[in-house]
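Here's the letter readout for the chains.
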Amino acid sequence: MSTQFYELYRHSSIGMALTDSLDELIQSGHINPQLALRVLATFDKSISEALAQHVRNKANVKGHLHTYRFCDDVWTFIVENPNFKFEQESVTAEKVKIVACNAKRPGEQ
């Protein structure tokens with residue numbers, strides 16, 4: 001049985017660009033929908049593994065916690081007026097949505 005990965009990164013700018021490109025290829029008849037689904041599954045796996053292996057930056061976040069929710073092992077936080085402090089810079093925003101998932105999907109060993 002193949003491992004399932006979260007589909008969160010499909011909503012990122014690179015994921016949306018991939019989805020749009022796959023839609024165009026399907027519409028033009030260059031690929032079938034089953035192949036597009038396999039490409040998206042490979043994208044889910046590849047981006048999850050790449051982020052886990054190559055991103056080591058840490059940030060501190062301060063702001064007003066507007067909403068939080070825990071469902072199906074996924075935490076979602078809405079933070080108003082967040083201030084992200086990285087090693088050498090700070091970033092602020094009006095509102096941010098943070099989604100945090102377990103590294104392993106439910107049912108994985």
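In every chain, residue numbers begin from 1 and rise along the written sequence. Only residues with pLDDT of 70 or above have their local features reported here, since the model is predicted, and side-chain atom pairs are shown and tallied only from 80 upward, although totals for entire chains, interfaces and linings are computed over all residues. Side-chain measures here rest on the full set of heavy atoms in the structure, leaving out hydrogens and waters.

Visitor: Go over the overall build of the protein with me, naming the residues and quoting the values.
Guide: Across its full length, the protein holds two helices and four strands. Of the regular secondary structure in the protein, the N- to C-terminal order runs α-α-β-β-β-β. When we talk radius of gyration, it's over C-alpha atoms, and the globule rule is simply 2.2 Å times the number of residues to the 0.38. For the protein, whose C-alpha radius of gyration is 17 Å, the value lies well above the compact-globule estimate of 13 Å for 109 residues. With the principal axes as the frame, the protein shows a C-alpha extent of 50 × 35 × 25 Å. For each residue, the accessible area found with a 1.4 Å probe, counting protein chains only, is set against the maximum for its type, and the residue is called buried under 20%, exposed over 50%, and partly exposed in between. When burial is assessed residue by residue, the protein has 16% of its 109 residues classed as buried. By definition, residues are in contact when any of their heavy atoms lie within 4.5 Å. Look at the contacts in the protein between residues 6 or more apart in sequence, and 39% of them connect residues 24 or more apart. Numbering goes from the N terminus for both helices and strands, where a helix is a DSSP run of H or I of at least four residues and a strand is a run of E of at least two.

Visitor: Explain the environment of N57 residue by residue, including any values.
Guide: With respect to the helices and strands, N57 occurs in the loop between helix 2 (33-54) and strand 1 (60-71). On a C-alpha basis, the gap between N57 and F86 in space is 7.8 Å, while along the polypeptide they are 29 residues apart.

Visitor: For the UniProt feature "domain: Transcription initiation factor IIA gamma subunit N-terminal" (unreviewed entry) in the protein, give the residues involved together with the corresponding values.
Guide: UniProt positions are given in the numbering used here, feature names are shortened, and annotations may be inferred rather than shown by experiment. Here the UniProt-annotated "domain: Transcription initiation factor IIA gamma subunit N-terminal" (unreviewed entry) positions come out as residues 5-51. As annotated, residues 5-51 has a helix share of 72% and a strand share of 0%, and its two end C-alpha atoms lie 13 Å apart.

Visitor: Before we move on, could you go through the side chain of T76 and cite the residues and values that matter?
Guide: For T76, the location among the structural elements is in strand 2 (residues 74-85). Taking relative accessible area as the criterion, T76 reaches 11% and is therefore assigned buried. Residues contacting T76, with those up to four places away along its chain left out, are T67, Y68, R69, K97, I98 and V99.

Visitor: An account of the packing of aromatic side chains is requested, with residue identities and associated values reported.
Guide: In this description, a pair of aromatic rings is defined by centroid distance and the angle of the planes. Each pair of aromatic rings taken from Phe, Tyr and Trp, with Trp reduced to its six-membered ring, is defined by centres within 6.5 Å and is described as stacked if the planes are under 30 degrees apart, edge-to-face if over 60, and tilted in the remaining cases. If you walk through the whole model with that rule in mind, you get four aromatic pairs. Aromatic side chains Y68 and W75 sit 6.5 Å apart centroid to centroid with 35° between the ring planes, which places their arrangement in the tilted category. Classification of W75 by relative accessible area gives partly exposed; the value is 35%. With centroids separated by 5.6 Å and ring planes inclined at 10°, the aromatic side chains of W75 and F77 adopt a geometry described as stacked. Connected via pairs of aromatic rings, a cluster forms that spans Y68, F70, W75 and F77.

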